[in-house]
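Structural features, examined
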Amino acid sequence: MPPTALSCSDFAAGGKRYRRVTVGACWHDVGVRHFDLCIIGTGSGNSIIDERFDHLSVALVEMGTFGGTCLNVGCIPSKMFVYPADLAGSTIQAKRLGVDLDLSDVRWREIRDRIFGRIDPMAAKGRAYRQQSDNVTVFEARARFVGLRELDVGAAETITADQIVIAAGSRPVIPELSGLTSVDFHTSDTVMRLAERPKSMIIIGGGYIAAEFAHVFAAFGTAVTVLNRSDVLLRREDADVAKRFTELLGRRVDVRVNTSVTLVESAADGRVRVHTEGPKGPPEHLDAEILLVATGRTPNGDTLDLDRGGIEADDDGLIIVDEYQRTSAAGVFALGDVSSRQQLKHAANKDARLVQHNLLHPVSMISADRRFVPRAVFSMPQVASVGLTEAEAEEQGIDYVVSREDYGDTAFGWAMEDTDHFVKIIARADSKVLLGAHLIGPHASSLIQPLIQAMSFEQTAPDVARGQYWIHPAMTEVIEKALLGLAD
């Protein structure tokens, strides 16, 4: 059957649609398939598709491991390492309280295999489930826009869709350091699958990834050195919290702040050598078995040829979206790390629920309250925060008050003989409506939740403190006391 012309480049043959693409003097016939919906990424984006989409043809495109960052290389496996690290690290506190606990061994391979023995089958099961779906077609490929709502998905195939959701996530930042590409190094994507626990490790970076892995490997017995350019770790946190965290982690880890890396190379014994410059003394070098680069994550929008799809991004590479998660291109939404400065799974999940509703109800779209998005760092100690820091409140010219309460000033904190950790709450001076909350200490990620609720519902500090019972002598009393500090 001869081809039937559709346009200058499209034709149909054998009941299928094709596109003739010319590259130089050569041409290729590329299959074109149309879908009602296309989702790029199988992390939070994958959760959009439920039984309400059964009547639609859906394309699901994934360039990496099925399940996204959180399941495979992020939140879930890292916290599965953090928990045994917390157990290992508890021996230090136990000795202070008269309990002699000795860490005799850490079975790295057993811990690693237990973790990924659960995660890898889960990722495979998720892929198989979608592949077996009657209305979902899975493309294991890199997606690239070649036109408006039109994607190249490799294997000489192009797909088009009435609506597209970009949920392509992020990847580790690889800084431009002299010599880095000449050595073997790890990122958070690879370090959890090490064959053996290293005896020594250098971590470049000072954010939450560096903080969490410094805790994990130090607790397991690795000699860890953290190199950070700024004067504190976790510098986006409230200044008091960042300073205290840097001090406390420095008791267990060789933390070097105000330190720049000038060169990375291989040492004669096969280890990695990192040359540094600090605020004091001459340049020096450090050797370690493993180098972990933990300098942040960058959105994957730059891998998608967004401009060809009419999709705008900002100077940092984040896809620009409106309050409904719509991009600048009609019919295209974006969510999660690819469009949000808050690289948090709970933020991406919120985005996904929003997009799901807006796809199903285009005439009654909804937006989200993004004023108070909390975050936590699962290191030792934990850090949790929401809302404004004190510096931000001051910069905005807000008339504010601060209440700070030490863990050790509560009954349970007294039992722990805690002298290091605290809660800091910031509120408007007149109304006592909360502006921000910042915690450092055990269970900070859980203790902060009533403060997130109070801020979201605009409850005042006196109302939250006095309007309910607080269990005595639970650790939550540190929140109650901090709130009472604002009640007068």
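For the structure itself, look to the data block above.
Residues numbered from 1 in each chain as written. Predicted model: local features only at pLDDT ≥ 70, side-chain atom pairs only at ≥ 80, totals over all residues. Heavy atoms only, no water.

Turning next to the nonpolar core. If you look at the biggest cluster of nonpolar residues, it comprises 45 residues, and the most contacted ones within it are Phe-81, Ile-203, Phe-217 and Phe-220. Element by element, the count of residues in this core is highest for helix H4 (residues 208-219), at nine residues. Counting 28 residues, the second largest nonpolar core, distinct from the first, contains Ala-384, Tyr-407, Ile-452 and Ala-454. (Core = buried A, V, L, I, M, F, W, Y, C linked by side-chain atoms within 4.5 Å. Buried < 20%, exposed > 50% of the residue type's maximum accessible area, 1.4 Å probe, protein only. Helix = DSSP H or I, 4+ residues; strand = E, 2+ residues; numbered from the N terminus.)

Okay, the packing of helix H2 (residues 75-96) against H4 next. Where H2 contacts H4, the axes come no closer than 8 Å and their chain directions differ by 50°. Taken together, the axes of H2 and H4 lie oblique to each other. Seen along the crossing, H2 lies across H4 with a hand that is left-handed. Each of Ser-78, Lys-79, Phe-81, Val-82, Ala-85, Asp-86, Ala-88 and Gly-89 in H2 lies in contact with H4, whose residues at this interface are Glu-212, Phe-213, His-215, Val-216 and Ala-219. Broken down by class, the residue content of the contact of H2 with H4 amounts to seven nonpolar, three polar and three charged. (Axes fitted to C-alpha atoms, helices over the stretch in contact; angles between N-to-C directions. Parallel < 35°, antiparallel > 145°, perpendicular 65-115°, else oblique. Left-handed = near helix turned anticlockwise from the far one by under 90°. Contact = heavy atoms within 4.5 Å. Nonpolar A, V, L, I, M, F, W, Y, C, P; charged D, E, K, R; others polar.)

Moving on: the sheet that holds strand S16 (residues 284-288). Strand order across the open sheet formed by three strands is S14-S15-S16, with antiparallel pairing between neighbours. At either end of the open sheet lies a strand with only one pairing partner, and these are strand S14 (260-266) and S16. Looking at each pair of strands side by side, their axes are set apart by 25° on average, direction ignored. As defined by bridge partners, strand S15 (residues 272-277) adjoins S16 across five bridges and the pair is classed as antiparallel. Note on S16: the bridge partner recorded for Val-274 is Leu-286. (Pairing = 2+ DSSP bridges.)

Time to look at the packing of aromatic side chains. The full count for this structure, using the stated rule, is six aromatic pairs. With centroids separated by 6.4 Å and ring planes inclined at 40°, the aromatic side chains of Phe-213 and Phe-217 adopt a geometry described as tilted. With Phe-213 and Phe-217 both in helix H4, this residue pair falls four residues apart, about one helical turn. The exposure class of Phe-217 is buried, given its relative accessible area of 1%. Through successive ring pairs, a cluster of aromatic residues spans Phe-81, Trp-108, Phe-116, Phe-213, Phe-217 and Phe-220. Taking the ring centre of Phe-116 as reference, the NZ or CZ of Arg-193 above it sits at 3.8 Å. Between Arg-404 and the ring centre of Phe-422, over which it is positioned, the NZ or CZ distance is 3.7 Å. (Phe/Tyr/Trp six-rings, centres within 6.5 Å; stacked < 30°, edge-to-face > 60°. Lys NZ or Arg CZ within 6 Å of the ring centre and 35° of its normal.)

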